[in-house]
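# Notes for the structure review
Residue-level listing of the chains:
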Amino acid sequence: MQSTIKRRPLGNTGLNVTEISWGAMNVRRLPDEQAAIQLANEVLDKGVNLIDTARGYESKDENGNVVMASEIILGKAISARTDLDEPIVIVTKGHAYTPEDFDRSLTESWERLQIREEGGKLFIGSTQIFLAYFLHGIMEDRWKTITTSGTLEHAAKRREEGRCHFLGFSSHYGDSVVIKEAIETGIFQLCELSYNVYNPSLGEEGDPDIIKLANEHGMGVVNMKAFNGGGTVAIFKQLEDITGITHGDMARFSLSNPYISCIDAGVRAIEELEVDIEASLLPVMTPDERSALREKAKKISPFLNVICRECLHCVEKFECPQGIDFPHILGMHGRYSVSKSLGLDITNYKSEYAKFAPDASACVACGNCNEWCEYHLNVPEMMATAAKDLG
Ligand code: SF4
Ligand code: SF4
């Protein structure tokens, strides 16, 4: 497709990808399948050639039935296209940390994405794809399961057999020891890591600089959370109002890191993607510009370690047994806390909180949700604080 988006090498894979990739996580938040397929088509029309999805990116109804699943939407959208004139890189991920789960998860991804093999190549409809299969959200306990169950060797074998072209993993802040180990196994060609102006700790402010290390190992790095949620999470809109750091500034900050292959735009509307593309076409930030932006961000960086980002990763595989919508309660309480600390208006938060049923007071502090929080938040403790502050 004709595209204005610049391209970068995807590590040593031999592929060049658009600097702006599409994080298709948020299609589950769109009103219906038609809107989701339309957005997928608009993204493809822009020439984006790396799409990032996962098994867990789905929404469910109150009976636990899948309503909207990102992989299924992509399978339907891409299989209906006959005009895509270059292969698309599809990154998908599974919470699969044993050989059995790896096979089950990979097979289900093939089905949902409508992948077929022909002549040693993979296709969705008539469009050739390069499939990257990721271990989703590795952290200490999951990494232990992966490394002791033979999953790494098993995954490498499946890659050799042509079930996927590349192997990768995703991970978040706080897991740099595990990430470093994963990089150094030499098994993975790609990884997906959090990095942005508010928290570059997996980059230049980390010891070691993990993103640089991945690059030195020939890995392609997909940058997630470059926008702290793609403009979709209320707390980050609030932070933009306070710091003056725009969505475009955040895109430029990430893209001025030379070790990053592409940044995932988790857009829910094509206009958001257009803003990201526009920012990516501006000159790369100078070191001085980066430092100045980082100084502005530092004003509020400390808050980000103790608030819920409403990323919803925890509820991809877990439901609170008490039926509490804890991510949205915590997200709202985070906005309340930041506003209070900065002396801003907090009058509407109690009425907003009153709409939750059950609310935070129903939390029995079982702690079952903690292992699913990819930011290592202490959810029961935070729920108790939310109940005290807003109840
Ligand atoms: S700690 Fe609270 S929010 Fe978390 S699963 Fe248990 S009851 Fe639900
Ligand atoms: S509890 Fe953790 S994983 Fe869940 S939405 Fe909040 S930050 Fe994300």
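Residue indices follow the written sequence of each chain, beginning from 1 at its first position. To label them, take the chains in the order written and letter them from A, then take the ligands in the order written and number them from 1. Reporting in this predicted model follows two pLDDT cut-offs: at least 70 for local features of residues, and 80 or more for side-chain atom pairs to be given and counted; totals over whole chains, interfaces and linings ignore these cut-offs and use all residues.

## Observations concerning the site of ligand 2
Here is the rule: In this analysis, residues qualify as near a molecule or strand once their C-beta atom, positioned from backbone atoms, comes within 6 Å of it. Residues are grouped as follows: Ala, Val, Leu, Ile, Met, Phe, Trp, Tyr, Cys and Pro are nonpolar; Asp, Glu, Lys and Arg are charged; all remaining types, including Gly, are polar.
If you check the shell around ligand 2, you find 14 residues, and the closest are Cys308, Cys311, Cys314, Pro327 and Cys373. Its residues assigned to classes, the shell around ligand 2 shows ten nonpolar, one polar and three charged.

## Let's talk about the site of ligand 1
Quick note on the threshold: Starting at the N terminus, helices and strands are each numbered in turn, a helix being any DSSP run of H or I of at least four residues and a strand any DSSP run of E of at least two.
Lining the immediate surroundings of ligand 1 are 14 residues, of which Cys320, Cys363, Cys366, Cys369 and Pro380 lie closest. Sort the elements by how many residues they give to the shell around ligand 1 and helix H15 (residues 379–390) lands first, with three residues. Taken together, the residues that form the shell around ligand 1 break down as eleven nonpolar, three polar and no charged.

## Brief notes about helix H3 (residues 99–113)
To keep things clear, this is the line we draw: The span expected for a helix works out to 1.5 Å for each residue beyond the first.
Compared with an ideal rise of 1.5 Å per residue, which puts 15 residues at 21 Å, H3 spans 21 Å between its outermost C-alpha atoms and is within 8% of the ideal. With its phi angle positive at about 60°, Gln114 sits one or two positions after the end of H3.

## Some words on the domain arrangement of the chain
Quick reminder of the rule: Residue ranges for the domains originate in an automatic or database domain assignment. Our contact criterion uses C-beta atoms placed from the backbone: two residues qualify when those atoms are within 7 Å.
When cut into domains, the chain gives domain 1 (7–296) and domain 2 (314–390). Look at where the C-alpha atoms of domain 1 and domain 2 centre, and you get two points 27 Å apart. Taken together, the contact between domain 1 and domain 2 spans eleven residues of the former and ten residues of the latter. Of the residues in the side of domain 1 that touches domain 2, the class split is five nonpolar, six polar and no charged.

## Here we look at the nonpolar core
In plain terms, the rule: Under the definition applied here, buried Ala, Val, Leu, Ile, Met, Phe, Trp, Tyr and Cys residues are grouped into a nonpolar core through C-beta atoms within 7 Å. Any residue with 12 or fewer other C-beta atoms within 10 Å of its own C-beta is exposed, any with 20 or more is buried, and the rest are partly exposed; the C-beta atoms used are placed from the backbone.
In terms of nonpolar packing, the biggest core is built from 91 residues, with Val89, Ile90, Leu131, Ala132, Ile211 and Val221 touching the most fellow members. Among the elements that make up this core, the one with the highest residue count is strand E10 (residues 127–135) (seven residues). If near-sequence neighbours (up to four positions away) are discounted, Leu131 is found in contact with Ile90, Ile115, Leu122, Cys164 and His165.

## What about the packing of helix H13 (residues 326–341) against H15?
Under the convention used in this document: To define axes, lines are fitted to C-alpha atoms, for helices over the stretch in contact only, and angles between the resulting N-to-C directions are given on a 0 to 180 degree scale. Note on terminology: angles under 35 degrees are roughly parallel, angles over 145 are roughly antiparallel, angles of 65 to 115 are roughly perpendicular, and the others are oblique. Note on convention: the crossing is left-handed when the near helix lies turned anticlockwise from the far helix by less than a right angle, right-handed when the turn is clockwise.
One way to put it is that H13 packs onto H15 with a least axis distance of 10 Å and a crossing angle of 60°. By the angle between their directions, the pair H13 and H15 is classed as oblique. Relative to H15, H13 is oriented so that their crossing is left-handed. Where H13 abuts H15, its residues Phe326, Ile329, Leu330, His333 and Tyr336 lie against Val379, Met382, Met383, Ala386, Asp389 and Leu390. Taken together, the residues of the contact of H13 with H15 sort by class into nine nonpolar, one polar and one charged.

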